Amino acid sequence: MTFKHLLFDMDNTLYPASSAMNDGITRRMLECVADFFGCDMEKAIALRKERIIHYSTTLEWLRSEGLTDIEAFLAHVHPDNEADELLPQPGLRDFLLSLPLPMSVLTNAPHEHADRVLDKLGIADLFVSVTDIRDADFYGKPYPNAFEAALRKAGSSVEDTLFLDDMQKYTDGWALMGGTAVLVGSENGRPLSADAVPMVKAREAGLAAGRPLGKTHRLNSIYEINEILKES
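In short, a report on the structure.

What counts and what doesn't
Residues numbered from 1 in each chain as written. Predicted model: local features only at pLDDT ≥ 70, side-chain atom pairs only at ≥ 80, totals over all residues. Heavy atoms only, no water. Helix = DSSP H or I, 4+ residues; strand = E, 2+ residues; numbered from the N terminus. Rg over C-alpha atoms; globule rule 2.2 N^0.38 Å. Contact = heavy atoms within 4.5 Å. Areas by Shrake-Rupley, 256 points an atom, 1.4 Å probe, with all protein chains shown as cover. Phe/Tyr/Trp six-rings, centres within 6.5 Å; stacked < 30°, edge-to-face > 60°. Buried < 20%, exposed > 50% of the residue type's maximum accessible area, 1.4 Å probe, protein only. Salt bridge = Lys/Arg side-chain N within 4 Å of Asp/Glu carboxyl O. Axes fitted to C-alpha atoms, helices over the stretch in contact; angles between N-to-C directions. Parallel < 35°, antiparallel > 145°, perpendicular 65-115°, else oblique. Pairing = 2+ DSSP bridges. Core = buried A, V, L, I, M, F, W, Y, C linked by side-chain atoms within 4.5 Å. Nonpolar A, V, L, I, M, F, W, Y, C, P; charged D, E, K, R; others polar.

1. Topic: the overall build of the chain
Step number 1: Each helix and strand in the chain was counted, giving 10 helices and 6 strands.
Step number 2: Here the C-alpha radius of gyration of the chain, 17 Å, is about what a compact globule of 232 residues would show, namely 17 Å.
Step number 3: Taking the principal axes of the C-alpha coordinates as reference, the chain spans close to 50 × 40 × 30 Å.
Step number 4: Looking at the chain alone, contacts between residues at least 24 apart form 71% of all its contacts between residues at least 6 apart.
Step number 5: Just so you have it, the chain exposes about 10,500 Å², and 51% of that area is on carbon and sulfur atoms.

This is the structure we're talking about:
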């Protein structure tokens, strides 16, 4: 398989999952859960752990429970100063510049979050496009429409795009659509349940397009990606 495009997840993929910013994002999501259900943080953590395996995102789960103010949720989870705790990544820009293919970003966060992170990392100008949760009508990865929105922006296809993400539920969705994915890192969370709507939709999209099941590679970090590109 010869790849012509690289599609990157952003958070915990372009930078390490140990970032303190990620802890803040998770905490604020749980605050939204606690506020919505009128419970304490301990209960919010338990509820999210139980339910998230059925949904693409915490936002999708809360919407299924009746949440309507999506923008308020996004504003709380992603405040203006959220990137203050994101550490610089020396060498990241030069590494990305060394890659031989055009690149784009697909994130389940809003565009303002992507802008802050990419600007802080000094790599915003390196990507052909950035696709966010609004571009996917608030149904993000692994829903096919999220992947398809990113592919339209980039002018690429499932077959010729290598997708990199740190979450197994998202690489699983891409593979079900017939694509080749890279699962990055060791802290990958739990996969979605087999009957979760996003996984059913991804499987249907792959079957409708007549694509064989894709494959998933596993790497410790994006810095090892040339091992896969050499094989293509």
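2. Considering the packing of aromatic side chains
Step number 1: For the coordinates displayed, the defined rule picks out 8 aromatic pairs.
Step number 2: Relative to Phe37, the ring of Phe36 has its centre 5.0 Å away and its plane inclined at 90 degrees; by these criteria the two rings are edge-to-face.
Step number 3: Exposure remark for Phe36: the relative accessible area of 29% places this residue in the partly exposed category.
Step number 4: With 5.4 Å between their ring centres and 40 degrees between their planes, Phe163 and Trp174 make a pair best called tilted. With Phe163 in strand 4 (residues 161-165) and Trp174 in helix 8 (residues 168-176), the pair connects residues that are 11 residues apart, well separated along the chain.

3. Thoughts on the pattern of salt bridges
Step number 1: Within the structure shown, the criterion is met by 11 salt bridges.
Step number 2: Between Asp125 and Arg93 there is a salt bridge whose closest N-O contact spans 2.8 Å. Of this pair, Asp125 sits in the loop between helix 6 (111-121) and strand 3 (130-131) while Arg93 sits in helix 5 (residues 92-98), and the two are 32 residues apart along the sequence.
Step number 3: One salt bridge in this structure joins Arg134 and Asp132, with 3.7 Å as the shortest N-O distance.

4. A closer look at the packing of helix 8 against helix 9 (residues 197-208)
Step number 1: The geometry of helix 8 relative to helix 9 is characterised by a closest axis approach of 7 Å and an angle of 25 degrees between their N-to-C directions. The angle between helix 8 and helix 9 falls in the class roughly parallel. Contacts from Lys169, Asp172, Gly173 and Leu176 of helix 8 reach helix 9 at Met199, Ala202, Arg203 and Gly206.

5. A word on the sheet that holds strand 6 (residues 215-219)
Step number 1: Pairing in this open sheet of 6 strands is parallel, and the strands run 3-2-1-4-5-6 from one edge to the other. Each having just a single partner strand, strand 3 and strand 6 make up the two edges of the open sheet.

6. So, the side chain of Thr57
Step number 1: Structurally, the position occupied by Thr57 is in the loop between helix 2 (41-51) and helix 3 (58-64).
Step number 2: Overall, Thr57 belongs to the buried group, its relative accessible area being 10%.
Step number 3: Residues in contact with Thr57, not counting those within four places in the same chain, are Ile52, Asn108 and Tyr170.

7. A short note on the nonpolar core
Step number 1: The biggest cluster of nonpolar side chains holds 52 residues, and the ones touching the most others in it are Phe8, Leu14, Leu96 and Phe127.
Step number 2: If you tally residues by element for this core, the top one is helix 1 (residues 20-37), at 7 residues.
Step number 3: One finds Phe147, Val158, Ala196 and Met199 within the second-largest nonpolar core, a separate group that totals 17 residues.

8. A look at the packing of helix 1 against helix 2
Step number 1: The N-to-C vectors of helix 1 and helix 2 enclose an angle of 100 degrees; their axes lie 9 Å apart at closest approach. In terms of axis orientation, helix 1 runs roughly perpendicular to helix 2. On helix 2, the residues touching Thr26, Arg27, Met29, Leu30, Glu31, Val33, Ala34 and Phe37 of helix 1 are Met41, Ala44, Ile45, Leu47 and Arg48.
Step number 2: Of the residues that constitute the contact of helix 1 with helix 2, the class distribution is 9 nonpolar, 1 polar and 3 charged.

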